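Results of the structural survey
Spelled out, the chains give:
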Amino acid sequence: MIFAEFGGPDVLRLTEAEEPHAGPGRIRVAVRAAGVNPVDWRVREGQMLKAHPIELPAGVGLDAAGVVDEVGEGVEGVEVGDRVFGEGSSTYAEFAVLDAWARMPEGLTFEEAAGYPSVVETALRVIRETGVRSGQTLLVSGASGGVGSAVLQIARDRGITVIGTAGAANQDYLRSLGALATTYGEGWVERVRRLGRVDAALDLAGSGVIRELVGLTGDPDKVVSIADLAAPEYGVRFSGVAGSVPDALAEAVALISRGRLHIPVEKSYPLAEAAAAHIDSQAGHTRGRRVLVV
């Protein structure tokens, strides 16, 4: 799946391409499923050029799960035929090269596994950047998507109380992940205040709530956004640079294996329907993850 110009979902094209190959320190996988992330459509629209300069035409996708079929020079601990999940480039494809990976935990399907890499890295990073600690309370605005689902579970595993905001249809889902849940919309700030003190906050949806999050925490240094590019205008950190993906994958495997992390797949799409997946992702209100099946 490629795009030759920046624009809406209609610029995506399914095409034949030369197979990529695993260079030193990398592996190639036969992709079984690819994760759909907001960064994918932001890149497609040309929003991320400063952080991610690209040459057109370009492929799409960062996350994938599949079967190793080529191992680059210097790579150890993985063999052809292993089932892995990880992060690379142009993963909306039959074959993709990964530069970070881990063996898939037992019992995980390819579709489920494809939804974890970037999401867990982001969740771990933003929790760390807020400085929230065990015994404190974290507010998560836009909590029902992939990153929110991971944040809620990871925070609860660390002894952090979590308040999550989402649409009315996702209230029970947030509660099932251990969060104190409330809806967004008019009066949401007071509803949050009634649930308790807020020590740190995350903006995962970019819905224009930065000022209110600063007010609830009392300190812009305790607020982090991954979705509102205007956040720095309020003294709030915009977090867009990934940390260690291998470390994040190792922690994801540990959490999944202990039964402490599960991110559901809300919907799967054939590779040819990547445009529809992007439309749905941009519309929001996701519960868990969206993935492409290859």
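Keep in mind that what you see is a predicted model, and the values were worked out from it rather than measured. (Residues numbered from 1 in each chain as written. Predicted model: local features only at pLDDT ≥ 70, side-chain atom pairs only at ≥ 80, totals over all residues. Heavy atoms only, no water.)

**Some remarks on the pairing of strand β6 (residues 83-89)**
How we decide: For every residue, the accessible area (1.4 Å probe, protein chains only) is compared with the maximum for its type, and the residue is labelled buried under 20%, exposed over 50%, or partly exposed between those bounds. In this description a helix means any DSSP run of H or I spanning at least four residues, a strand means any run of E spanning at least two, and both kinds are numbered starting from the N terminus. Two strands pair if DSSP finds at least two bridges between them.
For β6, the buried fraction is high: 5 of the 7 residues fall into the buried class. Note that strand β5 (residues 63-71) and β6 share 5 bridges and pair antiparallel. Opposite A64, over in β6, you have G86 as the bridge partner. Note: β6 against strand β7 (residues 95-103), 6 bridges, orientation antiparallel. Across the sheet, the residue bridging to G88 is L98, located in β7. What sits between the antiparallel neighbours β6 and β7 is a turn of 5 residues, in which S90 has the positive phi angle 50°.

**Digging into the domain arrangement of the protein chain**
To be explicit about the condition: Delimitation of the domains relies on an automatic or database domain assignment. Residue contacts are counted whenever heavy atoms from the two residues lie within 4.5 Å of one another. Buried area is a sum: the accessible area each of two parts loses on coming together, probed at 1.4 Å, counted once for each and added. For this document, the term salt bridge refers to a Lys or Arg side-chain nitrogen within 4 Å of an Asp or Glu carboxyl oxygen. In the analysis that follows, any N or O atom pair within 3.5 Å is treated as a polar contact, provided that within protein one partner can donate a hydrogen and the other can accept it, and provided that, for residues neighboring in sequence, both atoms belong to side chains. Residues are grouped as follows: Ala, Val, Leu, Ile, Met, Phe, Trp, Tyr, Cys and Pro are nonpolar; Asp, Glu, Lys and Arg are charged; all remaining types, including Gly, are polar.
Per the domain assignment, the segments making up the protein chain are domain 1 (2-117 + 263-293) and domain 2 (120-238). If you average the C-alpha positions of domain 1 and of domain 2, the two centres end up 27 Å apart. Domain 1 puts 10 residues into the contact, and the matching count from domain 2 is 13 residues. Overall, the association of domain 1 and domain 2 removes approximately 910 Å² of surface from exposure, summing both partners, and the carbon and sulfur fraction of that is 46%. Interface area lost by domain 1 to domain 2 is led by I263, H285 and R287, which between them contribute 45%. For the pair domain 1 and domain 2, the interface holds 0 salt bridges. Inspection of the domain 1/domain 2 interface yields 7 residue pairs in polar contact (both at pLDDT 80 or more). Classifying every residue of the side of domain 1 that touches domain 2 gives 4 nonpolar, 3 polar and 3 charged.

**What about the nonpolar core?**
A general trend in soluble globular proteins is that nonpolar side chains are found buried together. Using the following cut-off: Side-chain atoms within 4.5 Å are what join buried Ala, Val, Leu, Ile, Met, Phe, Trp, Tyr and Cys residues into a set we call a nonpolar core.
Counting residues in each nonpolar core, the largest one holds 49 residues, and the members touching the most others are L138, V140 and V151. Counting contributing residues, this core receives three or more from each of domain 1 (2-117 + 263-293) and domain 2 (120-238). Discounting residues that sit within four places of it in the chain, V151 has contacts with A123, V126, I127, L138, V140 and L202. Listed in part, the 16 residues of the second largest apolar core include V11, V43, L271 and A277.

**Examining the pattern of salt bridges**
Counted according to the given criterion, the structure contains 16 salt bridges. A salt bridge links R28 to E19; its shortest N-O distance comes to 2.9 Å. Of the residues examined, R28 reaches a relative accessible area of 6% and is grouped as buried. The salt bridge involving R125 is made with E121; its shortest N-O contact spans 2.8 Å. Taken as a pair, R125 and E121 lie in helix α3 (residues 117-130) at a separation of 4 residues, close to a single helical turn.

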